[in-house]
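Coordinates in review
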Amino acid sequence: MEKPEMTPKERVFAAINNMDFDVYPAINPTSVATVEAMKLSGAFFPEAHTDVRKMEALASVGHDVFGFDSVSPYFSILLEASALGAEVDWGNIYEMPSVIKKPINNISDYEIPKNYMSRKEFSSMIEVCSRLKNKYKNEVPVIGKVIGPWSLAYHLYGVENLVLDTILEPEKTKAFITMLSEIPISFAKEQFNAGADIIVWADHVTSDLVSAEIYKEFIMPIHKKAAVELQKYGPVILHTCGNVADRLPYIAGTGFKIFHMDSKNNIAEAVKTVGNRMLITGCINNPVLLAQGEPQDVKRAVEENIKNGIKLISPECAIPFSVSSDNLIALVEAAHNTKL
Ligand SMILES: [Zn+2]
């Protein structure tokens, strides 16, 4: 292998901007905070969800030890929900946080708390973006993250309630998620301004929760608006788990630069569907391949992804805590060593 010549940031942005790069970049749009990573950094859950120094230390393992061409300091999906009134059990080193009590019983009554941006869950995320930017001297892209209004709505109100309301109270539901969309848009801008180079917009608009038509009618207009408002700050990665084949043509029309995709999808077909409107990343399987496979299997999957047209290699979602460092290092090495 030839010696890499670009900084991780140059490499990742070359791939995003459809320019030549030295080796295939490997990024982590979602968390790679494993139990091994916590032990290596001395930064453990639950403190590492909101303690700035611990967030920084744990995120750094992704680049310093595993070799990813990025660092991502957002580990749970409940930072915003907690700051907005949900009672959250922050879990432990083997368990992700969960909502114990939702703050909303009726979507018509909810008001966004004033000054929510100064709450610890928001402010620590903003501060850690700036610390990581300085620590890596702008050479390793900092990937920030926000929860989109659809996911935020069900964290605050419950999945069943929300899905039911799309049928019973469609106009109120649209108004509710449109109101909530102010939060991820503002939070994304704050993270970009603090030092994030890329933002992940996590919205679980997957086929087991919403139909393609509900996506198109209720959520896609918000995604388009967010893409326009955020484009001058930097690229946005839309993250959605699960099978998205029937709504991928809509997703490709949002204006978001990148889609972070689950391995349940057919990669070659997805790459064809989005064409040059969007870049696809992800698709490396977590529960079977990364959690239970061998480095050789991971290497083969990375090569397969590249053959199918993926330029930005990454795990499909936040990885299980039990994934070995060896498998993550193998993922990155396979990306960096596969011939262009
Ligand atoms: Zn996910």
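Above this text sits the structure in question.
We now turn to the structure provided with this report. Just so it is clear, the structure is predicted and the values come from calculations on it, not from any experiment.

1. Here we look at the coordination of the zinc ion
For the zinc ion, the protein coordination sphere consists of His239 (NE2), Cys241 (SG) and Cys317 (SG), at 2.0 to 2.2 Å. Going along the chain, you hit the donors of the zinc ion in the pattern H-x1-C-x75-C.

2. Some words on helix H12 (residues 267-274)
Residues of H12 that are buried include every one of Ile267, Ala270 and Val274, and no others. When H12 is viewed along its axis, its buried side chains cluster within an angular range of 60 degrees and face the same direction. Exposed positions of H12 whose direction lies more than 90 degrees from the buried face are Glu269 and Lys272. For H12, the N-terminal cap is asparagine 266; the gap from its side-chain oxygen to the backbone nitrogen of alanine 268 is 3.2 Å. Glycine 275 lies just past H12 and shows a positive phi near 55 degrees.

3. Overview of the packing of helix H7 (residues 159-168) against helix H8 (residues 170-180)
At their nearest, the axes of H7 and H8 sit 6 Å apart, and the two run at 125 degrees to each other. Between H7 and H8, the angle is such that the two are oblique. On H8, the residues that touch Leu162, Asp165, Thr166, Ile167 and Leu168 of H7 are Pro170, Thr173 and Phe176. Taken together, the residues that form the contact of H7 with H8 break down as five nonpolar, two polar and one charged.

4. Here's the deal with a nonpolar patch on the surface
Together, Leu164, Ile167 and Leu168 make up an exposed nonpolar region whose accessible area comes to about 330 Å². Within the secondary structure, isoleucine 167 sits in helix H7. For isoleucine 167, a relative accessible area of 60% puts it in the exposed group.

5. Some thoughts on the sheet that holds strand E3 (residues 143-147)
If you trace the six strands from one edge of the open sheet to the other, you get E3-E4-E5-E6-E7-E8, paired in parallel fashion. Two strands bound the open sheet, and with one partner strand each, they are E3 and strand E8 (312-315). Each strand of the sheet is rotated relative to its neighbour by a mean of 25 degrees, with strand direction disregarded. Relative to strand E7 (residues 279-284), strand E6 (residues 258-261) runs parallel, the two being bridged by four bridges. Along E7, the bridge assignment pairs isoleucine 258 with leucine 279. Where helix H6 (residues 149-157) meets the sheet, its contacts fall on E3 and strand E4 (198-202), and the angle it forms with E3 comes to roughly 55 degrees. This element, H12, spans E6 and E7 of the sheet and lies at about 165 degrees to E7.

6. Brief notes about H8
For H8, the full list of buried residues reads Thr173, Lys174, Phe176, Ile177 and Leu180. The buried residues of H8 all sit within an arc of 160 degrees when viewed along its axis, so they share a single face. In this structure, the buried residues of H8 make contact with H6, H7, helix H9 (182-194) and helix H10 (212-230).

7. Concerning unusual backbone geometry
Among all residues save glycine, negative phi is the norm, and among peptide bonds the norm is trans. Cis geometry is found at the peptide bond from phenylalanine 45 to proline 46, where omega equals 5 degrees. Of note, asparagine 18 is a non-glycine position whose phi angle comes to about 60 degrees, a positive value. By secondary structure assignment, the location of asparagine 18 is in the loop between helix H1 (8-16) and helix H2 (35-41). When its relative accessible area of 62% is taken as the criterion, asparagine 18 is described as exposed.

8. Remarks on the nonpolar core
Counting 123 residues, the largest nonpolar core has Leu58, Phe176, Trp201, Val302, Ile313 and Leu331 as the members making the most contacts within it. Among the elements that make up this core, the one with the highest residue count is H10 (nine residues). With near-sequence residues (within four places) excluded, valine 302 lies in contact with Ile284, Ile313, Leu331, Ala334 and Ala335.

9. Description of the packing of aromatic side chains
Taken as a whole and judged by the stated rule, the model has nine aromatic pairs. Each ring, one from tyrosine 110 and one from phenylalanine 176, has its centre 6.4 Å from the other, and the planes form 90 degrees; the classification is edge-to-face. Taken together, the residues tyrosine 110 in the loop between strand E2 (98-101) and helix H5 (120-135) and phenylalanine 176 in helix H8 connect sequence positions 66 residues apart. When the ring of phenylalanine 192 is compared with that of tyrosine 233, the centres are 5.9 Å apart and the planes differ by 20 degrees; the resulting orientation is stacked. Of this pair, phenylalanine 192 sits in helix H9 while tyrosine 233 sits in the loop between H10 and strand E5 (236-239); the two residues are 41 residues apart in sequence, bridging distant segments of the chain. Among the residues examined, phenylalanine 192 registers a relative accessible area of 7% and is labelled buried. Grouped by ring-pair contacts, the aromatic residues Phe45, Phe75 and Phe321 constitute a single cluster.

10. Overview of the pairing of E4
In terms of residue burial, E4 counts as a mostly covered element, since five of its five residues are buried. Neither face of E4 is open: one carries Ile198, Val200 and Ala202, the other Ile199 and Trp201, and all of them are buried. As judged from the five bridges shared by E3 and E4, these two strands associate in the parallel manner. In the sheet register, valine 146 faces E4, and the bridge partner there is tryptophan 201. Looking at chain direction, E4 and E5 are connected through four bridges and run parallel. The partner of isoleucine 199 across the bridge, within E5, is valine 236. Between the parallel elements E4 and E5, the chain passes through H10 in a crossover that is right-handed.

What counts and how
- Residues numbered from 1 in each chain as written.
- Predicted model: local features only at pLDDT ≥ 70, side-chain atom pairs only at ≥ 80, totals over all residues.
- Heavy atoms only, no water.
- Donors = N, O, S within 2.8 Å, 3.2 Å for Na, K, Ca; no water.
- Buried < 20%, exposed > 50% of the residue type's maximum accessible area, 1.4 Å probe, protein only.
- Helix = DSSP H or I, 4+ residues; strand = E, 2+ residues; numbered from the N terminus.
- Arc of directions from axis to C-beta.
- Polar contact = N/O pair within 3.5 Å; in protein donor to acceptor, adjacent residues only side chain to side chain.
- Axes fitted to C-alpha atoms, helices over the stretch in contact; angles between N-to-C directions.
- Parallel < 35°, antiparallel > 145°, perpendicular 65-115°, else oblique.
- Contact = heavy atoms within 4.5 Å.
- Nonpolar A, V, L, I, M, F, W, Y, C, P; charged D, E, K, R; others polar.
- Patch = residues over 30% accessible without salt bridge, like charges linked within 9 Å, V, L, I, M, F, W, Y side chains within 5 Å.
- Areas by Shrake-Rupley, 256 points an atom, 1.4 Å probe, with all protein chains shown as cover.
- Salt bridge = Lys/Arg side-chain N within 4 Å of Asp/Glu carboxyl O.
- Pairing = 2+ DSSP bridges.
- Core = buried A, V, L, I, M, F, W, Y, C linked by side-chain atoms within 4.5 Å.
- Phe/Tyr/Trp six-rings, centres within 6.5 Å; stacked < 30°, edge-to-face > 60°.
- Right-handed = clockwise from strand over helix to strand, strands pointing away.

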